[in-house]
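Structure assessment
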Amino acid sequence: MKYKSQHATLDDLDRQILRLLQGDAKQTYSEIGNKLNVAHSTVYDRIQKMEQSGFITKYEAMVDTEKMGIPLIMAQMIITTDPKETENIAKKMTMYDQVLEVATSFSEELVITAKVVSKDQAELHSFVARSIAPLLGVLRIRTAIVTKKYKEERFGIKPRKE
Amino acid sequence: MIGSSSRALRNVMREEAFYFFTSIGNYTGHSAASLDEFLLKIKDIDMKSLEFHLFREDFEKWIAQTLGDSRLSDDIRSLRIQKVAGNALRDRLYLVISRRLKELKGPVVAR
């Protein structure tokens, strides 16, 4: 466990703790310790250090908006931009609550990809037409509305194979 | 009268421009910041875009609310009500807008 070097590394115990936390962040230190056969104080110490070092960025609750009666549609956007403006556009997009993820990606050309939520199709279109299309340097937008999700996971940390 | 003509003929800021889409969220990359530019775009824009916006009432709303030309907006609304589509839509849109532009730009004739 070396947390202070420029390329900080995690050992197997850290990775195992992270994996358990990714599955359920509400587990107690004792529960994690029991699963890994280590003392709860060790788990506490490791988690504290990983939080302070920025390996753990935040804990969040995943909410089932459908169950709450909040209908939301999800869309994936691909925005082709003038390369000189790509970064400005991406940064401006981060300021909208509707935009959940923004990234620059490269296939045949540099594009911005974004995941967006909206109440309905009319609101989605209005957002794209009024807030994204007018941004300087936006050349084209392709939007695909998500109809069914087959998998949605975050990258799971695994113990290193040596 | 002069005020409404100049409003209809002005160049609007990019936030107020008309952005041509072919379907929900799919922007063609074409926009118009004035009625003159709108007319030019009508000639070449993807037919899907014309039909998409006509059906959604986007043309008539932009022309009425942003350019303040309720008469032209009414003419376009009548195309929607008549369910004009395809090449006929492009031709008739071009006709009503170019005719209105001539009126707006032409000299005021005393009756």
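Residues numbered from 1 in each chain as written. Chains lettered and ligands numbered in written order. Predicted model: local features only at pLDDT ≥ 70, side-chain atom pairs only at ≥ 80, totals over all residues.

Quick word on the overall build of chain A
This is how the line gets drawn: Secondary structure counts use DSSP, requiring at least four H or I residues in a row for a helix and at least two E residues in a row for a strand, with both numbered from the N terminus. The quantity called the radius of gyration is restricted to C-alpha atoms. Its globule counterpart is 2.2 Å times the number of residues to the power 0.38. Note on contacts: residues are paired as contacts if their backbone-placed C-beta atoms lie within 7 Å.
Counting its regular elements, chain A contains 5 helices and 4 strands. Helices (α) and strands (β) of chain A occur, in sequence order from the N terminus, as α-α-α-β-α-β-β-α-β. Its C-alpha radius of gyration of 20 Å places chain A more than 25% over the 15 Å reference for a compact globule of 162 residues. Along the three orthogonal principal directions, the C-alpha set of chain A runs to about 55 × 40 × 25 Å. Taking the intrachain contacts of chain A between residues at least 6 apart in sequence as the baseline, contacts between residues at least 24 apart amount to 60%.

What to know about helix α6 (residues 86–105) of chain B
Our working rule: To estimate how far a helix should reach, multiply one less than its number of residues by 1.5 Å.
A rise of 1.5 Å per residue sets the reference length of α6 of chain B, with its 20 residues, at 28 Å; its end C-alpha atoms lie 29 Å apart and thus fit the reference within 8%. At its buried positions, α6 of chain B is contacted by α2 (35–44), α3 (47–56) and α5 (70–81) of chain B.

A few points about the interface of chain A and chain B
Keep this limit in mind: Ten residues, namely Ala, Val, Leu, Ile, Met, Phe, Trp, Tyr, Cys and Pro, are considered nonpolar, four, namely Asp, Glu, Lys and Arg, are considered charged, and the remaining ones, Gly among them, are considered polar.
Listed as interface residues are 15 residues of chain A and, on the opposing side, 11 residues of chain B. For the side of chain A that touches chain B, the secondary-structure elements that each account for two or more residues are β1 (73–81), α5 (121–132) and β4 (138–145) of chain A. Considering each element in turn, the side of chain A that touches chain B owes the most residues, 6 residues, to β4 of chain A. Here the residues of the side of chain A that touches chain B are counted per class, giving 10 nonpolar, 3 polar and 2 charged.

Notes on the domain arrangement of chain A
Put simply, the rule reads: Segmentation of the chain into domains, including their bounds, is taken from an automatic or database domain assignment.
Looking at chain A, the domain boundaries give domain 1 (12–52) and domain 2 (73–145). The C-alpha centroid of domain 2 of chain A is placed 38 Å from the C-alpha centroid of domain 1 of chain A.

Focus on the pairing of strand β1 (residues 18–23) of chain B
Residue and element names in this part refer to chain B. Under the convention used in this document: Following DSSP output, two strands are said to pair if at least two bridges run between them.
Pairing between β1 and strand β2 (residues 26–32): 4 bridges, direction antiparallel. What sits directly across from Y19, in β2, is S31. A loop of 2 residues connects β1 with β2, the two strands running antiparallel in sequence, and G25 in this loop sits at a positive phi of about 75°.

Re α2 of chain B
Along an α-helix, residues three or four apart share an orientation, since each turn contains 3.6 residues. Residue and element names in this part refer to chain B. Counted only if it meets this: Around each residue's C-beta, the other C-beta atoms within 10 Å are counted; 20 or more make the residue buried, 12 or fewer make it exposed, and counts in between make it partly exposed. All C-beta atoms are placed from the backbone. The arc in question is the one traced by the directions running from the helix axis out to the C-beta atoms.
Turning to α2, its buried residues number three or more, namely L35, F38 and I42. Viewed along the axis of α2, the buried residues span an arc of 50°, placing them on a single side of the element. Relative to its buried face, α2 has exposed residues pointing more than 90 degrees away, namely K43 and D44.

Describing the environment of A17 of chain B
With respect to the secondary-structure elements, A17 of chain B resides in the loop between α1 (2–9) and β1. With 14 residues separating them in the primary sequence, A17 of chain B and S31 of chain B have C-alpha atoms 6.6 Å apart. Setting aside anything within four residues of it in sequence, one finds A17 of chain B in contact with P134 of chain A together with V12, S31, A32 and A33 of chain B.

Focus: the packing of helix α4 (residues 58–65) of chain B against α5 of chain B
All names here are of chain B. The following threshold applies: Here, axes are lines fitted to C-alpha atoms. For helices the fit covers the stretch in contact, and angles between N-to-C directions go from 0 to 180 degrees. Working rule for angles: under 35 degrees goes down as roughly parallel, over 145 as roughly antiparallel, 65 to 115 as roughly perpendicular, anything else as oblique.
Where α4 contacts α5, the two axes come as close as 8 Å, and the packing angle between them is 170°. It follows from the interaxial angle that α4 and α5 lie roughly antiparallel. Of α5, the residues touching α4 (which contributes F59, E60, I63 and A64) are S70, L72, S73, I76 and R77. Across the contact of α4 with α5, the residue classes tally to 5 nonpolar, 2 polar and 2 charged.

Re the environment of I89 of chain A
All names here are of chain A. By the secondary structure assignment, I89 is in helix α4 (residues 86–93). Placed 23 residues apart in sequence, I89 and E66 show a C-alpha to C-alpha distance of 31 Å. Once you skip the residues sitting within four places of it in the chain, I89 turns out to touch I79, T81, I112, L135, G137 and V138.

Details of the pairing of strand β3 (residues 110–118) of chain A
All names here are of chain A. For β1 and β3, the ladder comprises 8 bridges, and the chain directions are antiparallel. The partner of M77 across the bridge, within β3, is A114. Between strand β2 (residues 99–106) and β3, which follow one another and run antiparallel, lie 3 residues.

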